[in-house]
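Observations on chain architecture
Residues per chain, in single letters:
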Amino acid sequence: MNNKYKFKLFIFICLCLSLYYSNYYYGTENGDVLGGGLFRLTSKILIFILLLNLLKNKLKFTSENLILFLPITIISIFPLIFYNYLEEPYKQAVNLVFFVPILFIDETRVSTQYFFDKLFKYSTVTIMIQVVIDFILLKLDLLNLWESHAFVGGFGNPSSFAYACLAGAMYANIMGSRFLSWFLLLAVSFTGAAAGMLYGIFFILKQILKKTNLIIIVSYLVAIPLIILLVQNELDGYISIATSHAYNKLLGFLNIFFGDYDSNNTSQSISGRIEYYQEALKIILSSPASFLFGHGDETLYFTGDGGLIGYFSTHGALIGVAFLIINIYLIIKFYNSSDKLAVYSVQLLILTLYFLFFNRILDYYPIPLLYFSALSYLSFKMKSKRILSAGFRD
C-alpha cells in the first residue's frame, strides 16, 4: 500500500466522517437540518465513487460471502429498491447501501490486512480531531446544532457520535493508548446520548475491575468524578446541559426496571420507545406469514427507536434471526482472538447490537462504514488461515 493510496484512504475517511459539518451552513432546529438535502445526497454519491476507486481490483463476490452477508445485504438493499414508497423518516435507511461493497473485499490479497488496519486507525484519528473541534466550538459558544449543545462532530447526531467516540475509545484502548481512550470516553458524556453514556459506564467499570490492585481501583473511582467536575467547571456547566436529557432517559429507564412505569412521569423518549416496541410486536405477530417474512398489517417498512426489532417487523424472523446468528457467531469465534483488530471488530459488533436495541443506528450515515468494516475484517480473518496454505496474492 503506497503513500498515494494511504492519502486517498485518509481523505475518504475524513470526507465520510465529516459530511454533517455542512449542517452548520444550512442551519438546524434542534437537530433537524433546514436544507441541503441535494448537497448531502450528491456528497454521499461522490464519496461512494471514491470508495469504489479505493476498492478497485479488491472486490470479490464469492458464494461464501454472499451467504454470510445475505441478511445484512437484504437489509441494506431493500430501502433502495423501495425508496419512493418509504415514509420520509424511513428513507434514511438507504444510507446502508453506500457501504455494501466493503462486505465483499477480496480476502486473498495481502493488502486487505493493511486496508482495514489503516481504515480503523484513520477513523479513530478523525473522530479524535472532531472531539477537539467540538470542545473549541463549545468554548466559543458556537456548538448550536442541538439545543443541548450536544457534541455531534461531523456525524450530525448525538447518538451516532456517541457510537463513534465509543468505537474510537475501544480502538485506542486495544492499541494501548489509555489516555486517548479516556479522552474519547469523556467526550461521550458531552453527546448527552443516554445509551452511549450507559455503555461508556459499563466499559469504564470493566477496565477498572481488571485492576487487581485495590489502591488503583479506588484511585480510578475518585479520579473520574473529579475530572468530570473540573471539566464541567472549565466549560461553565455545559456538561450539565448536555447530560440533563440523558439523565431523564436513564431515570425513566430505572423507573420501568423497578416496575414503576407511568407514561406521565417517564421520559418522552422512553415512553415513545415502549410504544414503538408495542407497535413492532403487533406487526410481527399479526400473522404466521408476517412473523416469518415480515410486512405484517400491510406495512412495507417499519423502523425507529430499535433497529433490531425493526428488522424483524420488516423482514421477518428468517432474516432477523439470521442477522443475529451471524453476528453472535463471529463474536464468539473471535472474542478471545490474539489479533487486536479482530478483538476490536468483535467489540464493534457488540456495540452495534447494543445500540440497535435503542435506535436505528445503522441508518445514520456514516455508521455502517465501521460496522461493515468489522464484519468484513472478521470474514477475512476467518478465511485467512485457509488461504495462507494456498498463498496470498496482490
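Above: the structure in question.
Heads up: these notes are all about the structure in this document.

The N-to-C vectors of helix α14 (residues 307-334) and helix α15 (residues 340-356) enclose an angle of 155 degrees; their axes lie 10 Å apart at closest approach. Regarding the angle of α14 to α15, the classification is roughly antiparallel. Here α14 and α15 pass one another in a crossing that is left-handed. Every residue of α15 that contacts α14 at G307, L308, Y311, F323, L324, N327, L330, I331 and F334 is listed here: A342, V343, V346, L349, I350, L353 and L356. Grouping the constituent residues of the contact of α14 with α15 by class yields 14 nonpolar, two polar and no charged.

Take the pattern of salt bridges next. Summed over the entire model, instances satisfying the criterion amount to two salt bridges. Of the charged contacts, one joins K381 and D339 as a salt bridge, the two residues approaching to 3.3 Å between their closest N and O atoms. In this pair, K381 is assigned in helix α16 (residues 367-390) and D339 in the loop between α14 and α15, connecting sequence segments 42 residues apart. Owing to a relative accessible area of 17%, D339 belongs among the buried residues under this scheme.

Looking now at a nonpolar patch on the surface. There is a patch of nonpolar side chains on the surface, built from L281, L285, F291, L292, F293 and L318 and spanning about 600 Å² of accessible area. Among the elements that take part in the nonpolar patch, helix α13 (residues 288-293) stands out by supplying three residues, more than any other. Here L281 is to be found in helix α12 (residues 268-284). Taking the relative accessible area as the measure of exposure, L281 reaches 44% and is therefore partly exposed.

Examined against the element boundaries, K118 turns out to sit in helix α6 (residues 111-139). Taking the C-alpha atoms as reference points, K118 and L9, separated by 109 residues in sequence, lie 8.0 Å from one another.

Let's shift gears to helix α5 (residues 70-81). End to end, α5 covers 16 Å across twelve residues, agreeing with the expected 16 Å (1.5 Å per residue, within 8%). Every buried residue of α5 is listed here: P71, I72, T73, I75, S76, F78 and P79.

Mapped onto the elements of the fold, P79 is located in helix α5. When the C-alpha positions of P79 and V94 are compared, they lie 5.3 Å apart, and in sequence the two are 15 residues distant. Residues in contact with P79, not counting those within four places in the same chain, are L86, A93, V94 and Y301.

The next point concerns the packing of aromatic side chains. For the coordinates displayed, the defined rule picks out 32 aromatic pairs. Where F78 meets F82, the ring centres are 4.6 Å apart and the plane angle is 40 degrees; that geometry is what we call tilted. Given a relative accessible area of 11%, F78 falls into the buried group. Residue F82 is classed as partly exposed on the basis of its relative accessible area of 28%. With a centroid separation of 6.5 Å and 50 degrees between ring planes, the pair formed by F323 and Y371 is classed as tilted.

On to helix α3 (residues 37-54). With 18 residues, α3 extends 26 Å between its outermost C-alpha atoms, agreeing within 8% with the 26 Å of an ideal straight helix rising 1.5 Å per residue. Regarding α3, the residues found buried are R40, S43, K44, I47, L51 and L54. The arc that holds every buried residue of α3, seen down its axis, measures 100 degrees, which confines them to one face. For α3, the exposed residues lying more than 90 degrees away from the buried face are L38 and L46. Check the buried side of α3 and you find it contacts α1 (3-17), α2 (23-26) and β2 (32-33).

Within the secondary structure layout, R40 lies in helix α3. Exposure remark for R40: the relative accessible area of 14% places this residue in the buried category.

Here we take up empty space enclosed by the protein. The tally for this structure, following the rule as stated, stands at two cavities of 30 Å³ or more. Empty space within the largest cavity amounts to approximately 40 Å³. Lining the largest cavity, in full, are L68, F69, P71, I72, F323, I326, N327, Y371 and L375. Breaking the lining of the largest cavity down by element, the ones donating at least two residues are α5, α14 and α16. Examining the composition of the lining of the largest cavity, we find that three residues originate from one element, α14, more than from any other. Tallied by class, the residues present in the lining of the largest cavity amount to eight nonpolar, one polar and no charged.

With omega at 5 degrees, the peptide bond leading from Y365 into P366 counts as cis. Its location among the elements puts P366 in the loop between α15 and α16. In the Ramachandran plot, D141 falls in the positive-phi region, its phi being about 60 degrees despite a non-glycine side chain. Note on placement: D141 falls in the loop between α6 and α7 (158-174). On the basis of relative accessible area, D141 is assigned to the partly exposed category, the value being 47%. For H295, which is not glycine, the phi dihedral falls at a positive 60 degrees. Here H295 shows up in the loop between α13 and α14. Note on H295: relative accessible area 30%, which makes it partly exposed.

Thresholds applied
- Residues numbered from 1 in each chain as written.
- Predicted model: local features only at pLDDT ≥ 70, side-chain atom pairs only at ≥ 80, totals over all residues.
- Heavy atoms only, no water.
- Axes fitted to C-alpha atoms, helices over the stretch in contact; angles between N-to-C directions.
- Helix = DSSP H or I, 4+ residues; strand = E, 2+ residues; numbered from the N terminus.
- Parallel < 35°, antiparallel > 145°, perpendicular 65-115°, else oblique.
- Left-handed = near helix turned anticlockwise from the far one by under 90°.
- Contact = heavy atoms within 4.5 Å.
- Nonpolar A, V, L, I, M, F, W, Y, C, P; charged D, E, K, R; others polar.
- Salt bridge = Lys/Arg side-chain N within 4 Å of Asp/Glu carboxyl O.
- Buried < 20%, exposed > 50% of the residue type's maximum accessible area, 1.4 Å probe, protein only.
- Patch = residues over 30% accessible without salt bridge, like charges linked within 9 Å, V, L, I, M, F, W, Y side chains within 5 Å.
- Areas by Shrake-Rupley, 256 points an atom, 1.4 Å probe, with all protein chains shown as cover.
- Expected span 1.5 Å × (residues − 1).
- Phe/Tyr/Trp six-rings, centres within 6.5 Å; stacked < 30°, edge-to-face > 60°.
- Arc of directions from axis to C-beta.
- 1 Å grid on protein atoms, 1.4 Å probe; cavity = no way out; pocket = protein on both sides within 12 Å on 5 of 7 lines; lining within 4 Å.
- Points joined across faces, edges and corners; volume = space filled by probe spheres on them.

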